[in-house]
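# Structure assessment
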Amino acid sequence: MLTEVRAESSFDHRRLYQRLYSHVARCSVLRRLGAGESLYTCGAENHNIYFIESGCVKVLLLSRSARQCLLDICSQGDMVGESGLLATERAESVVAMSPCVLRAVSRVDFVDIIFRYKLVEETLQYFAAKLQDQQQVMSHFVTADSEGRLAATILRLARKLGK
C-alpha cells in the first residue's frame, strides 16, 4: 500500500561522498561504461568501491531462477560496491543504465582513507542508512502485492533522483 512507504533515511550521503571523493580521486582508477555494460556481476571477485561521477547504474540481485531483483538505482554522487569491503565474491550485479564515469578505489585504499581522515563514523552511518533502505525495499518485495511494490519503487526512486 502507498501508506506503508516510508521516506528514505535522512542521512546526508552526498556530504560524505564529497569528503571522501576529495581523497579518493588521488588513488582511484577512472572507469567508463556504456549503457548496458556491467561494472561487475554476481560472483565476481572484486574489492573496489565505486564513486559515480556521472550517469546511472542499477544494482541487481539474481534469483536462482535467473530473475532480476532491482535493489537500487544510483547516480552521480552515489557510491556502489560496498559489498566488496566484506565478501570475497559479489552477491549483486551492477549495470550501467546510461553512459557512466566512475572512480574505482580499492578496499585497502578506501579503509585507509576513512581512518586517516577520521571519516569512520560518518562512513558507518552511511552504511547503516543504506542497509536500512535496502531492508525496506526487501520488506516491500515480501509483503506487498505487485501494485504496492511498483508504487513503493516509483516513490523511492522519485525521492532519490529528485523527479
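The present account deals with the structure reproduced in this document. (Residues numbered from 1 in each chain as written. Predicted model: local features only at pLDDT ≥ 70, side-chain atom pairs only at ≥ 80, totals over all residues. Heavy atoms only, no water.)

All right, on to the sheet that holds strand β2 (residues 38-40) then. Ordered by their spatial adjacency, four strands build an open sheet running β2-β7-β4-β5, and the pairing between neighbours is antiparallel. Strands with a single pairing partner mark the edges of an open sheet, and in this sheet they are β2 and β5 (68-75). Along the sheet, successive strands turn relative to each other by an average axial angle of 30 degrees, direction set aside. Where β2 lies against strand β7 (residues 93-96), two bridges are found, and the strand directions are antiparallel. Residue pairing for β7: Y40 is matched across the bridge by V94. (Pairing = 2+ DSSP bridges. Helix = DSSP H or I, 4+ residues; strand = E, 2+ residues; numbered from the N terminus. Axes fitted to C-alpha atoms, helices over the stretch in contact; angles between N-to-C directions.)

Another point: the layout of surface pockets. Roughly 440 Å³ of volume is contained in the largest pocket. Taken together, 17 residues form the lining of the largest pocket, with E82, S83, E92, K130 and Q134 sitting closest to its centre. Secondary-structure elements contributing two or more residues to the lining of the largest pocket are β5 and α3 (120-143). It is α3 that provides the largest number of residues to the lining of the largest pocket, a total of four residues. Among the residues making up the lining of the largest pocket, the classes are represented as 10 nonpolar, three polar and four charged. (1 Å grid on protein atoms, 1.4 Å probe; cavity = no way out; pocket = protein on both sides within 12 Å on 5 of 7 lines; lining within 4 Å. Points joined across faces, edges and corners; volume = space filled by probe spheres on them. Nonpolar A, V, L, I, M, F, W, Y, C, P; charged D, E, K, R; others polar.)

With that settled, the discussion passes to helix α1 (residues 13-24). For α1, with 12 residues, the first-to-last C-alpha span of 15 Å sits near the 16 Å given by 1.5 Å per residue. Of the positions making up α1, those classed as buried are L16, Y17, L20, H23 and V24. Buried positions in α1, seen along its axis, are confined to an arc of 130 degrees and lie on one side of it. Tucked inside the fold, the buried residues of α1 contact β3 (48-54), β6 (79-80), β8 (100-106), α2 (107-116) and α3. (Expected span 1.5 Å × (residues − 1). Buried < 20%, exposed > 50% of the residue type's maximum accessible area, 1.4 Å probe, protein only. Arc of directions from axis to C-beta. Contact = heavy atoms within 4.5 Å.)

Applying the stated criterion to the full structure yields five aromatic pairs. Here the aromatic rings of Y17 and Y21 are separated by 5.7 Å at their centres, their planes lie at 15 degrees, and the arrangement is stacked. In this pair, Y17 and Y21 both sit in helix α1, four residues apart, roughly one turn of the helix. Residue Y17 is classed as buried on the basis of its relative accessible area, which comes to 9%. Taking the relative accessible area as the measure of exposure, Y21 reaches 23% and is therefore partly exposed. (Phe/Tyr/Trp six-rings, centres within 6.5 Å; stacked < 30°, edge-to-face > 60°.)

All right, on to a nonpolar patch on the surface then. A surface patch of nonpolar side chains, amounting to about 270 Å² of accessible area, comprises M138, F141 and V142. Mapped onto the elements, M138 comes out in helix α3. (Patch = residues over 30% accessible without salt bridge, like charges linked within 9 Å, V, L, I, M, F, W, Y side chains within 5 Å. Areas by Shrake-Rupley, 256 points an atom, 1.4 Å probe, with all protein chains shown as cover. Salt bridge = Lys/Arg side-chain N within 4 Å of Asp/Glu carboxyl O.)

A separate point is the nonpolar core. Counting residues in each nonpolar core, the largest one holds 16 residues, and the members touching the most others are L39, Y50, V57, V80, V94 and L102. Where this core is concerned, the elements lending two or more residues are β2, β3, β4 (56-62), β5, β7 and β8. Residues L16, Y17, V24 and M79 belong to the second largest nonpolar core, which totals 13 residues. (Core = buried A, V, L, I, M, F, W, Y, C linked by side-chain atoms within 4.5 Å.)

It is worth spelling out the pattern of salt bridges at this point. In total, this model carries seven salt bridges according to the counting rule given. The closest approach of N and O atoms between R14 and D78, which form a salt bridge, is 3.9 Å. Of this pair, R14 sits in helix α1 while D78 sits in the loop between β5 and β6, and the two are 64 residues apart along the sequence. Salt bridges linked by common partners bring R15, R19 and E122 together as one network.

Bringing the packing of α1 against α2 into the picture now. In contact at an axis separation of 10 Å, α1 and α2 are set at 120 degrees when each is read in the N-to-C sense. Along this stretch, α1 crosses α2, giving a crossing that reads as right-handed. On α2, the residues touching L20, H23 and V24 of α1 are F110, I113 and I114. Of the residues assigned to the contact of α1 with α2, the class counts are five nonpolar, one polar and no charged. (Left-handed = near helix turned anticlockwise from the far one by under 90°.)

Geometric values such as these leave the question of function open.
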